[in-house]
Amino acid sequence: MDPALLKEREAFKKRALITPTVERKPKLETVSVAPKDECKKKMRPPSAPKLDANTYKTMTGSSQYKFGVLAKIVKHMRTRHQEGDDHPLTLEEILDETNQLDVGQSVKNWLAAEALMNNPKIEVTSDGIRFTFKPVYKIKDGKSLLRLLKSHDLKGLGGILLDDVQESLPHCEKVLKNRASEIIFIVRPIDKKKILFYNDRTANFTVDEEFQKLWRSATVDAMDDAKIDEYLEKQGIRSMQDHGPKKPVPKRRKVASKKRQFKKPRDNEHLADVLEIYEENTLTQKGNNPT
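Predicted, not measured: the structure shown is a model, and the values here were computed from it.

Caption draft 1: A look at the side chain of Lys-108. Mapping Lys-108 onto the fold places it in helix α5 (residues 105-118). With residues up to four places along the chain from it excluded, the contact list for Lys-108 reads Leu-91, Glu-92, Leu-95, Leu-101 and Val-103.

Rendered as structure tokens:
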């Protein structure tokens, strides 16, 4: 081989190694989807739709959502009763006033057939369609409140909770302010709740100061009934024995009285003849003696 050609060949290789080259990748051919793959895609279940905040209330809600709707209704009915609006409303009117018209039909059926019917704070009218608030006491003004307090006082039922009066009486604060002189407020030490009593002015009387001192000096908070009875006995006071609940005395059963049967003597049967002779002699002696 010609040495000149060999030199040119080696020089060409060196130039080829020095110069950079960009490699082009072949394009991928698009593969058409077979009919079987399309059938498989159609058989796949559709993905669940995303939960939208606007459509949440219209869906069939959970029990927590349903009871939230019910609690809002009861609170609204109590508020409107306290403001003096006691006319009955339909379910649609209640939902309209509470801004809950977007609840689902299942929730409406539950409210109309079960929840409002069985709620202790909701009263159903005779037609079964309209609803009103059911307060603890049927009082509308100051006169009815005083009649209720007077009735409790005469029957010995005690006082009435202020919370129950506020729930039952429309415009309660205004009525209590106008009737303050006829009502006594007492704070219960257990739970600090206020109790209302009727102020019976006929029972007002002045107590002697000496009696007040004696009353305040006698402390019986830490004493039970047994210790109080023992103390009274030592002081010679027995008037408290007749008071308090009496224990029932068990009644004795009457035994049916049986007739006594006199038995003939079994002994001295060998003297039967002597007794007959003795009886004959006594009879003859009585007959001979004139009376």
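This is not the end of the story, as more comes after the structure.
Caption draft 2: Geometry of empty space enclosed by the protein. Following the criterion strictly, the structure yields one cavity of 30 Å³ or more and no others. Roughly 30 Å³ of internal volume is contained in the largest cavity. If you go around the largest cavity, the residues you meet are Met-77, Arg-80, His-81, Asp-85, Asp-86, His-87, Thr-132 and Phe-133. Elements with a contribution of two residues or more to the lining of the largest cavity: α3 (63-82) and β2 (131-133). It is α3 that provides the largest number of residues to the lining of the largest cavity, a total of three residues. Of the residues in the lining of the largest cavity, the class split is two nonpolar, three polar and three charged.

Caption draft 3: Up close: the pairing of strand β4 (residues 183-187). Of the pairings in the sheet, the one linking β4 to strand β5 (residues 194-198) comprises five bridges and is antiparallel in character. Among the inter-strand pairings, Phe-185 is bridged to a residue of β5, identified as Leu-196. The antiparallel pairing of β4 with β5 creates a hairpin that spans six residues between the two strands, and Lys-192 there sits at a positive phi of about 60°.

Caption draft 4: Looking closely at the packing of aromatic side chains. For the structure shown, the criterion picks out two aromatic pairs. Taking 5.2 Å as the distance between ring centres and 80° as the angle between the ring planes, the aromatic pair formed by Phe-67 and Trp-110 counts as edge-to-face. Here the residue Phe-67 occupies a position in helix α3, and Trp-110 occupies one in helix α5, the gap between them amounting to 43 residues. Overall, Phe-67 belongs to the partly exposed group, its relative accessible area being 48%. The buried category is assigned to Trp-110, whose relative accessible area is 12%. For the cation-ring pair, Lys-66 lies above Trp-110, with the distance from its terminal atom to the ring centre recorded as 4.9 Å.

Conventions we followed
Residues numbered from 1 in each chain as written. Predicted model: local features only at pLDDT ≥ 70, side-chain atom pairs only at ≥ 80, totals over all residues. Heavy atoms only, no water. Helix = DSSP H or I, 4+ residues; strand = E, 2+ residues; numbered from the N terminus. Contact = heavy atoms within 4.5 Å. 1 Å grid on protein atoms, 1.4 Å probe; cavity = no way out; pocket = protein on both sides within 12 Å on 5 of 7 lines; lining within 4 Å. Points joined across faces, edges and corners; volume = space filled by probe spheres on them. Nonpolar A, V, L, I, M, F, W, Y, C, P; charged D, E, K, R; others polar. Pairing = 2+ DSSP bridges. Phe/Tyr/Trp six-rings, centres within 6.5 Å; stacked < 30°, edge-to-face > 60°. Buried < 20%, exposed > 50% of the residue type's maximum accessible area, 1.4 Å probe, protein only. Lys NZ or Arg CZ within 6 Å of the ring centre and 35° of its normal.

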